[in-house]
Amino acid sequence: MDELKIEIKNLTKSFMGGEGEVKAIENLNLSIKENEFTVLVGPSGCGKSTLLYMLAGFEKPTSGSILLDNQIIKGPGPDRGFVFQDFVLYPWKTVVRNISFGLEIQGFSQKEAIEKAKQKINLLGLQGFENAYPHTLSGGMKQRVGIARALAYNPKVLLMDEPFGSLDAQTRKLMQEELLRIWNKEKKTVVFVTHSVIEAVFLADRVVVLTDRPSRVKGIIDIHLDRPRDYEHTYTDERYIELREKVLNILKDEVIHHKQHYESV
Ligand SMILES: Nc1ncnc2c1ncn2[C@@H]1O[C@H](COP(=O)(O)OP(=O)(O)O)[C@@H](O)[C@H]1O
Ligand SMILES: [Mg+2]
């Protein structure tokens, strides 16, 4: 747990648009340890997705660097899995093919790819839905497929961009508990973005609060709550409630207009 996995150094990212330069991130520094569960929270539009895309290698820093296992990230790779907010499944492919497809592109034979996909189907509790098409699945089930697909290569790092944002409250809690169960079993370094302080504190080893744009680290809160966690016990734990308050207070000036929103989700 003490091994350094990701090191973000003086990271700056700006975009050139019609109205000139937009600075999304400026001089952001953050270190993440192996197998740590880090949750990023921050105001809407502050650069959270941009940061995750750079970790994934989809986007390049304007300046500064991101090291993964002491190597500069140069592009996407099977050592990182990505889970998007919108489920982005191929509508014309079945569940098993949605998961196995990327593995085949990586060079696995169809047989091997389907074998690996089936392992993740079992892990995510999707047995019986192998041959279903995405439109027949509920939001929660679609996101299980999204997570299974991200885990299919056995990546060491799992990047999750508001993955449960469009689920109903009940399904969302269930998926959070499921994610912790999987994380505990598979041992991954997770970087998870959310709008919800309730979700952040429930999941995290550390909650990293980002400033409004351009984004920097405003505060880091260690979440020393016992694991395994489940809503039945954690939700009423006084320390959990205090930690939520603490995160909200750090976030407050950044999102003064959205405070209600952060308290309600
Ligand atoms: N490809 C892009 N081109 C231009 N501007 C972008 C691009 N991607 C993101 N931005 C801008 O960067 C800022 C941060 O965006 P984003 O990372 O999506 O924020 P968040 O995920 O925190 O809501 C926003 O102002 C957004 O408009
Ligand atoms: Mg985003």
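Just above, that's the structure.
Here's a quick rundown of the structure.

### Overview of the packing of aromatic side chains
- A complete count under the given rule lists 13 aromatic pairs for this structure.
- Considering the side-chain rings of tyrosine 231 and tyrosine 235, the 5.0 Å spacing of their centres and the 65° angle between planes classify their relative orientation as edge-to-face.
- The class for tyrosine 235 is partly exposed, based on a relative accessible area of 31%.
- A connected cluster of aromatic rings, assembled from ring pairs, spans Phe37, Phe164, Trp183 and Phe192.
- A cation over a ring is seen here: lysine 187 above tryptophan 183, with NZ or CZ 5.5 Å from the ring centre.
- Of note, arginine 244 hangs over the ring of tyrosine 235, and the distance from its end group to the ring centre comes to 5.7 Å.

### Some points on the packing of helix H4 (residues 139-151) against helix H5 (residues 169-186)
- Taken N-terminus to C-terminus, the directions of H4 and H5 make an angle of 20°; their axes are 11 Å apart at the nearest point. The orientation of H4 with respect to H5, classified from their angle, is roughly parallel. For the crossing formed where H4 meets H5, the hand is right-handed. Contacts between H4 and H5 pair Gly140, Gln143, Arg144, Ile147 and Leu151 from the former with Thr171, Leu174, Met175, Glu178 and Ile182 from the latter.
- The residue inventory of the contact of H4 with H5, partitioned by class, reads five nonpolar, three polar and two charged.

### Some details on the sheet that holds strand E9 (residues 206-210)
- As summarised here, the arrangement of the six strands in space is E6-E7-E8-E3-E9-E10, forming an open sheet in which the pairing is mixed. Where the open sheet ends on each side, the last strands, each with one partner, are strand E6 (80-83) and strand E10 (217-222). For this sheet, the mean angle separating the axes of adjacent strands, direction not counted, is 15°.
- In terms of strand pairing, E9 meets E10 through five bridges, oriented antiparallel. Residue pairing across strands places valine 207 opposite isoleucine 221, the latter belonging to E10.
- Packing against the sheet, helix H1 (residues 48-56) makes contact with strand E3 (37-41), E6, strand E7 (157-161), strand E8 (189-193) and E9, and its axis sits at approximately 155° to E7.
- In this fold H4 packs onto E6 and E7, with an angle of close to 165° to the strand it touches most, E6.

### Some details on the pattern of salt bridges
- One pass over the structure, following the stated rule, counts 13 salt bridges.
- Across the salt bridge formed by glutamate 199 and arginine 172, the nearest N and O atoms sit 3.0 Å from each other. Within this pair, whereas glutamate 199 is found in helix H6 (residues 197-203), its partner arginine 172 is found in helix H5, the two being separated by 27 residues in sequence. Each member of the pair glutamate 199 and arginine 172 is classed as buried.
- Across the salt bridge formed by arginine 239 and aspartate 226, the nearest N and O atoms sit 3.8 Å from each other. With arginine 239 in helix H8 (residues 238-252) and aspartate 226 in the loop between E10 and helix H7 (231-234), this pair connects stretches of sequence that are 13 residues apart.
- Under the relative-accessibility criterion, arginine 239 is labelled partly exposed at 37%.

Criteria and thresholds
- Residues numbered from 1 in each chain as written.
- Chains lettered and ligands numbered in written order.
- Predicted model: local features only at pLDDT ≥ 70, side-chain atom pairs only at ≥ 80, totals over all residues.
- Heavy atoms only, no water.
- Phe/Tyr/Trp six-rings, centres within 6.5 Å; stacked < 30°, edge-to-face > 60°.
- Buried < 20%, exposed > 50% of the residue type's maximum accessible area, 1.4 Å probe, protein only.
- Lys NZ or Arg CZ within 6 Å of the ring centre and 35° of its normal.
- Axes fitted to C-alpha atoms, helices over the stretch in contact; angles between N-to-C directions.
- Helix = DSSP H or I, 4+ residues; strand = E, 2+ residues; numbered from the N terminus.
- Parallel < 35°, antiparallel > 145°, perpendicular 65-115°, else oblique.
- Left-handed = near helix turned anticlockwise from the far one by under 90°.
- Contact = heavy atoms within 4.5 Å.
- Nonpolar A, V, L, I, M, F, W, Y, C, P; charged D, E, K, R; others polar.
- Pairing = 2+ DSSP bridges.
- Salt bridge = Lys/Arg side-chain N within 4 Å of Asp/Glu carboxyl O.

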